Amino acid sequence: MYRPRFNAVDDEHELRAMVAAVGAAELVTVAGDGYPQSTLLPILWEEDLVIAHMARANRHWREVGENAPVLLVCGGAQAYVSPSWYASKAEHGKVVPTWNYSTVHLKGRASVHEDSEWLRHAVTMLTERHEHLRSHPWAVTDAPAEFVESQLRAIVGIEIQLERVEGKAKLSQNRSEADRLGVIAGLRSEGLADAEAIATAMRAELDRDSRG
């Protein structure tokens, strides 16, 4: 990952929060024909392991050899930044468009699980992760046992032993405060969810910088 110094995210707590906020990642591997392939999967990052699963009918899992190196790309919000939002445009006009975003790359070695108890534990953890804040959380045990068993037979588990994690938050940190404030205002005027999320992240980053 290309990570200029001012865009790098190295704090583990922040990296975990970024991944948890998205909750899914593209699993990227190299297929037998030499071409990369990817599948978007819900993931759970626990300690130094990432837990996921995919449809058994998806042949991608058959290309994942034991301890095969894999990449998980967990992309957050992203938005176009217009140069017209920069205060410096009026000063010298030497501005161009850019793209702000956040992403986390998780690299490690994968193994495939077909055991029903492993799969049940994995989907239970994933379900609890996303249901626990709901007023009436759904649980795996709410469904008939026979139905759950049939669903488990239709998936395979993917477990990644992490070896490297890299994070990046490109939030105009290399611009002046006036330019950054202009971008925040411009993004918020867009009325788009991703633009608002980037504006909020930029505001938090700016406040952090001002505190030193």
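The preceding data block contains the structure.
Residues numbered from 1 in each chain as written. Predicted model: local features only at pLDDT ≥ 70, side-chain atom pairs only at ≥ 80, totals over all residues. Heavy atoms only, no water.

Side note on the overall build of the protein
In terms of helices and strands, the protein carries six helices and seven strands. Start at the N end of the protein and walk to the C end: the helices and strands fall as β-α-β-β-β-β-α-β-α-α-β-α-α. Along the first, second and third principal axes, the C-alpha set of the protein runs to 65 × 45 × 30 Å. Here the protein, with 212 residues, has 41% of them falling under the buried criterion. (Helix = DSSP H or I, 4+ residues; strand = E, 2+ residues; numbered from the N terminus. Buried < 20%, exposed > 50% of the residue type's maximum accessible area, 1.4 Å probe, protein only.)

Overview of the nonpolar core
Formed by 41 residues in total, the largest nonpolar core has its most connected members in Val 50, Leu 106, Ile 158, Ile 160 and Leu 187. In terms of residue count, the dominant contributor to this core is strand β5 (residues 68–81) (seven residues). (Core = buried A, V, L, I, M, F, W, Y, C linked by side-chain atoms within 4.5 Å.)

A few points about the side chain of His 113
Of note, His 113 is situated in strand β6 (residues 98–113). A polar side-chain atom of His 113 sits 3.2 Å from a polar atom in the side chain of Glu 159. Among all residues touching His 113, those that are not within four sequence positions of it are Trp 118, Leu 119, Val 156, Gly 157 and Glu 159. (Polar contact = N/O pair within 3.5 Å; in protein donor to acceptor, adjacent residues only side chain to side chain. Contact = heavy atoms within 4.5 Å.)

Section: the packing of aromatic side chains
A complete count under the given rule lists one aromatic pair for this structure. Residues Tyr 80 and Trp 99 carry aromatic rings whose centres are separated by 6.4 Å and whose planes lie at 65° to one another, so their mutual orientation is edge-to-face. Residue Tyr 80 is found in strand β5, and its partner Trp 99 is found in strand β6; the two are separated by 19 residues along the sequence. The partly exposed category is assigned to Tyr 80, whose relative accessible area is 40%. (Phe/Tyr/Trp six-rings, centres within 6.5 Å; stacked < 30°, edge-to-face > 60°.)

A few points about the packing of helix α5 (residues 177–190) against helix α6 (residues 193–211)
One way to put it is that α5 packs onto α6 with a least axis distance of 8 Å and a crossing angle of 155°. Between α5 and α6, the crossing angle belongs to the class labelled roughly antiparallel. Two packed elements cross with a definite hand, and for α5 against α6 that hand is left-handed. Residues Glu 177, Arg 180, Leu 181, Val 183, Ile 184, Leu 187, Arg 188 and Glu 190 of α5 form the contact with α6, whose participating residues are Ala 195, Glu 196, Ile 198, Ala 199, Thr 200, Met 202, Arg 203, Glu 205, Leu 206 and Asp 209. (Axes fitted to C-alpha atoms, helices over the stretch in contact; angles between N-to-C directions. Parallel < 35°, antiparallel > 145°, perpendicular 65-115°, else oblique. Left-handed = near helix turned anticlockwise from the far one by under 90°.)

Overview of the pairing of β6
Direction of pairing for β5 relative to β6: antiparallel, over a ladder of 12 bridges. Its bridge partner lying in β6, Tyr 80 is registered against Trp 99. With 13 bridges connecting them, β6 and strand β7 (residues 155–170) associate as antiparallel partners. Looking across to β7, one finds that Ser 111 is bridged to Glu 159. (Pairing = 2+ DSSP bridges.)

Observations regarding helix α3 (residues 116–131)
In this model α3 runs 22 Å from its N-terminal to its C-terminal C-alpha over 16 residues, within 8% of the 22 Å that 1.5 Å per residue would give. On its buried face, α3 sits against β3 (36–46), β4 (49–55), β6, α4 (145–152) and β7. The distance from a side-chain oxygen at the start of α3 to the backbone nitrogen of Glu 117 is 3.1 Å, and the residue carrying that oxygen is Asp 115. (Expected span 1.5 Å × (residues − 1).)

Overview of helix α1 (residues 12–22)
When α1 is considered as a whole, its buried residues turn out to be Leu 15, Met 18 and Val 19. The buried residues of α1 occupy an angular sector of 90° when projected down its axis, which confines them to one face. For α1, the exposed residues lying more than 90 degrees away from the buried face are His 13 and Ala 21. Of the surrounding secondary structure, the elements contacted by the buried residues of α1 are β1 (8–9), β3, β5, β6 and β7. Immediately beyond the C-terminal end of α1, within one or two residues, lies Gly 23, with a positive phi of roughly 80°. (Arc of directions from axis to C-beta.)

Some words on the layout of surface pockets
Of the pockets and cavities examined, the largest pocket occupies roughly 310 Å³. In terms of lining, the largest pocket is formed by 19 residues, of which the most central are Met 18, Ser 102, Ala 169, Leu 171 and Ala 201. Going through the elements one at a time, α1, β5, β6 and α6 are the ones with two or more residues in the lining of the largest pocket. It is α6 that provides the largest number of residues to the lining of the largest pocket, a total of six residues. (1 Å grid on protein atoms, 1.4 Å probe; cavity = no way out; pocket = protein on both sides within 12 Å on 5 of 7 lines; lining within 4 Å. Points joined across faces, edges and corners; volume = space filled by probe spheres on them.)

As for the pattern of salt bridges
Applying the stated criterion to the full structure yields 14 salt bridges. Put simply, Lys 107 and Glu 166 hold a salt bridge, and the shortest N to O gap is 3.7 Å. Separated by 59 residues along the polypeptide, Lys 107 in strand β6 and Glu 166 in strand β7 bring together distant segments of the chain. The shortest N-O distance in the salt bridge between Glu 205 and Arg 208 comes to 2.5 Å. Taken together, the positions of Glu 205 and Arg 208, both in helix α6 and three residues apart, correspond to about one turn of that helix. The buried category is assigned to Glu 205, whose relative accessible area is 14%. (Salt bridge = Lys/Arg side-chain N within 4 Å of Asp/Glu carboxyl O.)

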